[in-house]
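Working through the structure, step by step
Residue-level listing of the chains:
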Amino acid sequence: MIRMISLAQLNAASADEFVAALAGIFEHSPWVAEAVLPLRPFASRLQLHEAMCAAVDAADIDAQLKLIRAHPELAGRAAVRRELTAESTREQRGAGLDACTPGEFAMLQTLNDAYNHKFGFPFVLAVRGHNRGSVIAAFMQRLDHDLDTERKMALQQIDRIAGFRLHDCVSSPAGSESLALLDRLAQYSEQPDGLSCSYLSPAHRQTAALIRDWMLAAGLAVEIDAVGNVVGRLYGERSDARTLITGSHYDTVVDGGKYDGRLGIVLPILCALDLRQRGLQLPYNLEIIAFAEEEGVRYKSTFLGSGAVVGQFDPRLLDAVDADGISMRAALLDAGFDPAAIPAIARDPADLLGYVEIHIEQGPVLLDEGQALGVVTSIAGSHRYTGSISGLAGHSGTVPMHLRRDAAVAAAELILYVERRCGGLSQISGLVGTVGRLEVPGGAINVIPGRCNFSLDIRAADDALRDAAVADVLAEIEAIAERRGVEIVLTQVLSAACTPCAPGLQAQWAASISRVTGNPIPRHLPSGAGHDAMKMAAITDIGMLFVRCGNGGISHNPAETMTAEDADVAARVFTDFLLNYSVR
Ligand code: GLV
Ligand code: MN
Ligand code: MN
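What counts and how
- Per chain, residue numbering runs from 1 following the sequence as it is written.
- Following the order in which they are written, the chains are lettered starting with A and the ligands numbered starting with 1.
- Local features in a predicted model are, by the rule used here, given only for residues with pLDDT of at least 70; side-chain atom pairs are given and counted only at 80 or more, and totals for whole chains, interfaces and linings are based on all residues.
- Water and hydrogen atoms were dropped before computing side-chain values, which therefore reflect all heavy atoms in the structure.
- Throughout this description, the term nonpolar core refers to a set of buried Ala, Val, Leu, Ile, Met, Phe, Trp, Tyr and Cys residues connected via side-chain atoms within 4.5 Å.
- To sort residues, take the accessible area from a 1.4 Å probe on protein chains only and compare it with the maximum for the residue type: under 20% means buried, over 50% means exposed, and anything in between is partly exposed.
- Should any heavy atoms of two residues lie within 4.5 Å, those residues are considered in contact.
- Only heavy atoms are used to decide nearness, and a residue is near a molecule or strand if one of them lies within 4 Å of it.
- Pairs of N or O atoms within 3.5 Å make up the polar contacts considered here, provided that, within protein, one atom can donate a hydrogen while the other can accept it, and that residues adjacent in sequence are counted only when both atoms are side-chain atoms.
- Here the nonpolar group is Ala, Val, Leu, Ile, Met, Phe, Trp, Tyr, Cys and Pro; Asp, Glu, Lys and Arg are the charged ones; every other residue, Gly included, is treated as polar.
- Working definition: helices are DSSP H or I runs of at least four residues, strands are E runs of at least two. Numbering for both runs from the N terminus.
- Any two strands with at least two DSSP bridges between them are considered paired.
- Ligating atoms shown are N, O and S within 2.8 Å of the metal, or 3.2 Å for Na, K and Ca, and water is not included, meaning a site may look less than complete.
- Expected helix span is computed as 1.5 Å times (number of residues minus one).
- Salt bridge, as used here, is a side-chain nitrogen of Lys or Arg placed within 4 Å of a carboxyl oxygen of Asp or Glu.
- Working definition: rings of Phe, Tyr and Trp (its six-membered ring) pair if their centres are within 6.5 Å, and the pair is stacked with planes under 30 degrees apart, edge-to-face with planes over 60 apart, and tilted otherwise.

**As for the nonpolar core**
The biggest cluster of nonpolar side chains holds 157 residues, and the ones touching the most others in it are Phe-18, Leu-22, Phe-26, Leu-48 and Met-52. When residues no more than four places from it in sequence are discounted, the contact partners of Leu-48 are Leu-7, Leu-10, Phe-18, Leu-22, Val-36, Phe-42 and Leu-166. In this structure, Ala-410, Val-470, Ile-480 and Ile-488 belong to the second largest nonpolar core, which totals 23 residues.

What follows is the structure in structure tokens.
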């Protein structure tokens, strides 16, 4: 049994108690805890972990080597003699290293000897999530490295081991912890300041690896599937029970917010950890899926992650190319994924209980009404197109205005029509239309635009209302093309019907909000934004919880924000939801 201590207790403890409580985090090296003592109070477990890792980084090379050498060999002689720390014993057992076959044991001794001989320190690997085969494969691969690389690698693995161990023994409030984790994830970005994380970019792959570690730390069985979804499973009392899925996406729009999508991954992971720390088991299996792609940034195709889970991944997409001409197939292969394995991701609806998603509201309704949480009633349907207008390029100084076939002016006319038809600056029952991308390829100050590319997104909470607007916009496009002598080619990239949330799940969310907050009549509201839940509705019941968005409700913008208090109450509501979840 592991002794738990809360972050608050650690912050208030005497120096001796603090060092003693963290003695097992870095193998036989209490100096790491001593080094961070003056930095208290820590606002999150993550901050404590990062401070401890920074102390190791700042130590001189001899101290670092001593720390590496304090680690036992994997399945080594000390393990056989039962001389390992309690932490190491547990970790090695978790990877099955206490049950080696004689052949595996002999192989590991040979590898241990060769590694020690080459580098002068033992092979260090955070074995959580590993099995004997993958430990041996990692061992063999790392034997080829040079000394400097392996020293850095050993320290990285020691950082990860410390992270896992801290999750095992330190509890911390989900609100501040989740915001710390979301800040940490936002450090992986394709742009130096601001957050852009598009499908299979280096930032995206680093994000997936960190989410995987946090899921492992929460005690989940984790795999990254062939489309890049990070899937964590918390097995219930009976492993053959059906599964409730929760999750959201970890990709972002360009220069997006830190909470969109990721909140619905990080909060459930912390709730799962809390259940484990409290020794509670659910009567069903819970899966947390961090969907690889929802925003459609890199390949202009949305819901790649949840689409694969519901069996709707279109293999023709593998030939789509990004702005640099890299096909999706090539990007997947480069990241180590097997595109041929994507169809097998599809789930059998008979195994599922439902899908629930926690998401920041991305609008001002809850904020304006002073409510932290809301139950989503339905998700607006969306029709999306990409379009290209071909006119005639010409000299901006010589072609008279009445003889021009200007592609950009045609686009401008279309944009103004979309705005008018969708209600102008007044609001018609949730109908919205947006031209979000607009470009004149190769445009120049003295050239009449011969080409203009654009996107079009029309949504409403009511399919008939949206379809009528779409029909009018399509008719107007034809009229503009005719009038201006340009050609307009339109390709539909998304057609999503308005998706209702299951009444039973709405009722269960509402009951949890009432139990946790005391509010007898929780706010119910529709979602204008699209969510993975829309896709998941193809195979199971869906339900969503919205969390208040700060800063006027702004989203898809770096100014997107929320509070630790709201994250905390959302986590308590989700835990209540899980513990009281009833199968209907
Ligand atoms: C997803 O963020 C959307 O476009 O609604
Ligand atoms: Mn989004
Ligand atoms: Mn989102």
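Read on, since the account is not over.
**Some words on the site of ligand 1**
Taken together, Glu-294, Glu-295, Arg-384, Arg-459, Ala-529, Gly-530 and His-556 make up the full set of residues adjacent to ligand 1. Glu-295 is positioned such that a nitrogen or oxygen atom in its side chain is 3.0 Å from an oxygen atom of ligand 1. Arg-384 places a side-chain nitrogen or oxygen 2.8 Å from an oxygen atom of ligand 1. Class assignment of the residues belonging to the shell around ligand 1 gives a composition of 1 nonpolar, 2 polar and 4 charged.

**Here we look at the pairing of strand 8 (residues 373–379)**
The buried count for strand 8 comes to 6 of 7 residues, which makes it a mostly enclosed element. Across 3 bridges, strand 8 lies against strand 18 (residues 542–547) in antiparallel orientation. In the strand pairing of strand 18, Gly-374 is matched with Phe-546. Sheet analysis places strand 8 next to strand 17 (residues 523–527), joined by 4 bridges and oriented parallel. Of the residues in strand 17, the one forming a bridge with Ile-379 is Ser-527.

**A closer look at the coordination of the manganese ion (ligand 2)**
Each protein donor to the manganese ion (ligand 2) is listed here as Asp-260 (OD), Glu-295 (OE) and His-556 (NE2); together their distances run 2.0 to 2.1 Å. For the pair the manganese ion (ligand 2) and the manganese ion (ligand 3), the metal-to-metal distance amounts to 3.5 Å, and Asp-260 bridges them. Here the residue Asp-260 occupies a position in the loop between strand 5 (243–249) and helix 13 (263–277), and Glu-295 occupies one in the loop between strand 6 (285–291) and helix 14 (304–309), the gap between them amounting to 35 residues. On the basis of relative accessibility, which here comes to 14%, the residue Glu-295 falls in the buried class.

**Focus on helix 10 (residues 147–169)**
Owing to its 3.6 residues per turn, the α-helix aligns residues three or four sequence positions apart on the same side. Relative to the 33 Å expected for 23 residues at 1.5 Å per residue, helix 10 spans 33 Å between its end C-alpha atoms, a close match to the ideal helical length. The backbone nitrogen of Asp-148 has a side-chain oxygen 3.3 Å away, supplied by the residue at the start of helix 10, namely Asp-146.

**Let's talk about the coordination of the manganese ion (ligand 3)**
Protein-derived coordination of the manganese ion (ligand 3) comes from His-249 (NE2), Asp-260 (OD) and His-359 (NE2), at a distance range of 2.0 to 2.3 Å. In terms of primary sequence, the donors binding the manganese ion (ligand 3) are separated according to H-x10-D-x98-H. Overall, the relative accessible area of 1% leaves His-359 in the buried class.

**Topic: the side chain of Ser-196**
Relative to the helices and strands, Ser-196 is located in the loop between helix 11 (174–185) and helix 12 (202–217). A polar atom in the side chain of Ser-196 sits 2.4 Å from the side chain of Gln-191. Discounting residues that sit within four places of it in the chain, Ser-196 has contacts with Tyr-188, Ser-189, Glu-190, Gln-191, Ala-203, Thr-252, Val-253, Val-254 and Asp-255.

**Examining the pattern of salt bridges**
Within this structure, the stated rule accounts for 36 salt bridges. Asp-240 is the salt-bridge partner of Arg-238, the closest N and O atoms lying 3.2 Å from each other. Like Arg-238, the residue Asp-240 is exposed in the burial classification. A salt bridge links Arg-515 to Asp-576; the nearest nitrogen and oxygen atoms lie 2.8 Å apart. Here Asp-576 lies in helix 21 (residues 564–580) and Arg-515 lies in helix 19 (residues 503–517), a separation of 61 residues in the sequence. Since its relative accessible area comes to 47%, Arg-515 is described here as partly exposed. Asp-576 gets classed as buried once you look at its relative accessible area, which sits at 15%. Members of the salt-bridge network, linked through shared partners, are Glu-223, Arg-233, Glu-287 and Arg-347.

**Looking at the packing of aromatic side chains**
Here the structure, examined in full by the defined rule, presents 12 aromatic pairs. Seen from their ring centres, Tyr-115 and Phe-123 are 5.3 Å apart, and the 75 degrees between their planes marks the pair as edge-to-face. Take Tyr-115: its relative accessible area is 0%, and that puts it in the buried class. Taking relative accessible area as the criterion, Phe-123 reaches 1% and is therefore assigned buried. Arranged with centres 6.3 Å apart and planes meeting at 15 degrees, the rings of Phe-574 and Phe-577 form a pair that is stacked. Residue Phe-574 and its partner Phe-577 are located together in helix 21, separated by 3 residues, close to a single helical turn.

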